[in-house]
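For reference, the chains in residue letters:
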Amino acid sequence: MPWQLPLTRKETRPITCHDDLGHSKTHGHEQRYVSPTTGICRKLVIQAVTPSGPNETPIKNHINQASKLAMWLLATNPFRGWIIFRWIATWLFFVFKLLWSVIWLLYNTGYYKPYARDFQSQLWAARSSMEYSSRVVQEGEVDIPTHTLYPRLLVIRDKTKNEWVHCTDRDTIIRTSFIAISYRAVDAFTRGPDEEREKAVFTEEVRTAVLGQGFDAYWLDSECIAETPAEKNRDVYCMADVYRGAKVTLIMLGKAGSGERENECWRRWGERVWTLPEALLSAQLCYKFRDREEVKRLSLHDLANLAYTHHDIEQTIVNAYSDKDPLERLERLTLLKSAIWRRSITALPIVSDPTPPPNLNLIGERPVTNGGAYKADRVYALMGFFGHRIQPTRAEDELRALVRLSMANDNDRIVERMVAMLPSTITPSACWYADDDIYRANLWDILPEIQVAGVTENGALVLDGCRAAAIRWKDFPEVGFEKTHSLRRTVIGSMPYFSWPCLIVGLSVLTYTRPGGFALMIVGIVLLLLSPLLFVFSQSGRIVRVQPWFIGVKGVISKAEVEKHLYGGAKGHFPRMNFTASGSPFSKPEQGSKRGGSLRQYEHARSVESEPGAGHMYTLIDTCSSTMYYFRAPRAPTVCIFAGREGGLGRFVLCSERCDINELHKESVLRMPTEISQKMELCGWVALG
């Protein structure tokens, strides 16, 4: 599935940002980055294969001038018309340059350029209770582990008075066996003038069924969930314990008629968000159609076949809760999230594609779902399966609730794993969220290396423990590197520097010995003619150590071009740059006996670049591992974050910067060697939103 570009609107007002010292700076809406050397916000200049925009420039490099001249002389045929005069002029410039050539020893720090900006704003919700959070904490809000609570209220039949009463006495509730009722609101009543009458009829049907099963107490949400916000939040918080504590859960289905609507009743009931926790957490299940008297027992296996349409996931979950095929905790929770996220709060049809995150623009507004449902209803339905839960609130959207739930259950680290995934659609806000992964990895396959410290008012994650590095876009820097030692290359590389001494000494001794003088002059001239070849050969050899750099290029650039811009080219049998075998969505592995990236990647990426699609094609060059990566992104990423490990490689998140709100935005994710993360410096808090 292709990436989808966010809708943007053209702004005219200038942007004001602040550096770490609090100094303000006003600029336009062009893409910008924080300089890794000064920490100052600057306009981003992008080198491109084919420059087209105002901030794009042709590819440039800073390699040794003598190396550039030597490679041009060897690559150019001088016997093609008038180019011979340019060739001779270039050769003369090269040989005269040997007179004052200085070999600079580039300092190798051993680290990538760091990301020089920290998140300094306040958190909306923090992991640590010692941190200040701007979120309004509800009265009585506590974190209580599961398996310890009972319903706040039960409807119990008073045998002496032969009437049903609402009981809130804790001691009575603890000692009372009850039935929990699961149903769809549209099967019980319809909104309108007859709503109260239909509710009363449905309640009487429930009470008759409860008595028929030999119970004198039941829990029905329309009667037992309070109306006041504080008590309602508490009831939703304890919802999972209601079904855990019930002896039986009775599923009240709609009217099936003579049987032709049975499947439809089951399917519609199964589309509700809360049906999974209601069924899976129950000790025993039974069901009843409203137009039939009979109450039948039901197993989880039968329920999956009757009510759930996505048998691949639901059946796996049912088998896990039936102890037929146990799953690891994280895998089970991930499947539960996937199943619940496909369900609707308003009984709409279940969708098969991954559900995108909700619109964060609704934060703080009134809920848009029927019946005043919580905007984070799906998270609250999911949290009953976790060891620790969060207090529900109407002012909270799904993504911020998911972050709070993940922070409360640190062992699962669901949100941290999402950060390292590359979804098919990266949303404009809350870009950390992922329902799927382009690399076809599961949530439990990823081992996170970061920790979420909190979430901001905008829904951005604040990450701690990040190893981050800056990506250079304006040109290819002069890269310090070391080669394997070779006596032959050392000797041959020193020969061009003896050409001018041989000529000068030969001219000096002509008055004393003409044969000796001519011999030295001939040797000097031959060395001058061969100096480009000798110089390039001396620069060859396998590179063993190199200054780490992340270098970006807009467009698809070839491997030979990258080698030329980095090292000036070389004559030898050692490749200085390689394609990734499995590190990007456009990677193609070799299928021989040796692992590596196929050379066909370049042609494949070129063909994809010409096809219509969201975003632009970019090339990322990593000098530390000598690897190239082709990827597509809406904007050029300027920061690389090491987020975790998966499948034998590291997950590196490529981000662009929003200096005005001090946040990063995920543009793509690459799989690169884990060891290069040790060359990235640790940074402070980073906001990913």
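Details of the structure are given in the entry above.
**Q** Can you help me understand helix α11 (residues 300-307) in this one?
**A** Residues that lie three or four places apart on an α-helix share one face, since the helix turns once every 3.6 residues. Within α11, the full set of buried residues consists of L300, L303, A304 and A307. Burial along α11 is one-sided: seen end-on, the buried residues are contained in an arc of 100°.

**Q** Any chance you could explain the pairing of strand β25 (residues 639-646) here in plain terms?
**A** Across a regular strand the side chains alternate sides, sitting on one face of the sheet and then on the other. Across the eight residues of β25, seven count as buried, placing the element largely inside the fold. Strand direction decides the pairing type here: strand β15 (residues 447-448) and β25, joined by two bridges, are antiparallel. When the sheet's bridge partners are listed, L447 is paired in β25 with R645. Both strand β18 (residues 467-470) and β25 contribute to a ladder of four bridges, which runs antiparallel.

**Q** So what exactly am I meant to see when it comes to the side chain of N55 here?
**A** Here N55 is to be found in the loop between β5 (46-48) and β6 (56-58). Engagement of the side chain of N55 in a polar contact is seen with the backbone oxygen of L44, the distance being 3.5 Å. Once residues within four sequence positions are removed from consideration, N55 is found in contact with K43, L44, V45 and I46.

**Q** I tried to follow the nonpolar core on my own but got confused; where do I start?
**A** Grouped burial of nonpolar side chains is what soluble globular proteins tend to show. Counting residues in hydrophobic clusters, the biggest one holds 144 residues, and the most contacted among them are W266, L303, W432 and F550. Beyond its immediate chain neighbours, meaning those up to four positions away, F550 contacts Y112, A469, A470, I471, R472, L620, I621, D622, C640, M672, I676 and M680.

**Q** Just to check I follow, could you spell out a nonpolar patch on the surface for this structure?
**A** Residues F518, I522, I525, V526, L529 and L530 make up a contiguous nonpolar surface patch of roughly 530 Å² in combined accessible area. Along the chain, I522 falls in helix α19 (residues 514-538).

**Q** Please explain the packing of aromatic side chains as it appears in this structure.
**A** The geometry of two aromatic rings is summed up by the distance between their centres and the angle between their planes. In the structure shown here, the tally under the stated rule is 14 aromatic pairs. Seen from their ring centres, Y112 and F550 are 4.2 Å apart, and the 10° between their planes marks the pair as stacked. Taken together, the residues Y112 in the loop between α2 (83-97) and β7 (125-126) and F550 in strand β21 (residues 550-554) connect sequence positions 438 residues apart. In terms of burial, Y112 and F550 fall into one category: buried. With 6.1 Å between their ring centres and 70° between their planes, W432 and Y433 make a pair best called edge-to-face. Pair check on accessibility: W432 and Y433 agree, each one buried. Looking at R389, its charged tip hangs above the ring of Y237, at a distance of 4.9 Å from the centre. Geometry around Y374 places R394 over its ring, the cationic atom sitting 5.0 Å from the centre.

**Q** Teacher, can you tell me more about a positive patch on the surface here?
**A** A cluster of basic residues, K25, R42, K60 and K474, forms a positive patch at the surface. In this structure, K474 sits in the loop between β18 and β19 (481-483). By relative accessible area, K474 is classed as partly exposed at 38%.

**Q** Sorry if this is basic, but what is going on with the environment of L335 here?
**A** Its location among the elements puts L335 in helix α13 (residues 329-341). Once the C-alpha coordinates of L335 and I313 are considered, the two residues, 22 residues apart in sequence, prove to be 6.5 Å apart. Excluding residues that lie within four positions of it along the chain, L335 makes contacts with I313, T316, I317 and L327.

About the thresholds
- Residues numbered from 1 in each chain as written.
- Predicted model: local features only at pLDDT ≥ 70, side-chain atom pairs only at ≥ 80, totals over all residues.
- Heavy atoms only, no water.
- Buried < 20%, exposed > 50% of the residue type's maximum accessible area, 1.4 Å probe, protein only.
- Helix = DSSP H or I, 4+ residues; strand = E, 2+ residues; numbered from the N terminus.
- Arc of directions from axis to C-beta.
- Pairing = 2+ DSSP bridges.
- Polar contact = N/O pair within 3.5 Å; in protein donor to acceptor, adjacent residues only side chain to side chain.
- Contact = heavy atoms within 4.5 Å.
- Core = buried A, V, L, I, M, F, W, Y, C linked by side-chain atoms within 4.5 Å.
- Patch = residues over 30% accessible without salt bridge, like charges linked within 9 Å, V, L, I, M, F, W, Y side chains within 5 Å.
- Areas by Shrake-Rupley, 256 points an atom, 1.4 Å probe, with all protein chains shown as cover.
- Salt bridge = Lys/Arg side-chain N within 4 Å of Asp/Glu carboxyl O.
- Phe/Tyr/Trp six-rings, centres within 6.5 Å; stacked < 30°, edge-to-face > 60°.
- Lys NZ or Arg CZ within 6 Å of the ring centre and 35° of its normal.
- Lys, Arg positive; Asp, Glu negative; His and termini not counted.
- Charge placed at Lys NZ, Arg CZ, Asp CG, Glu CD.

Take it as geometry only, folks, not as evidence of what the structure does.
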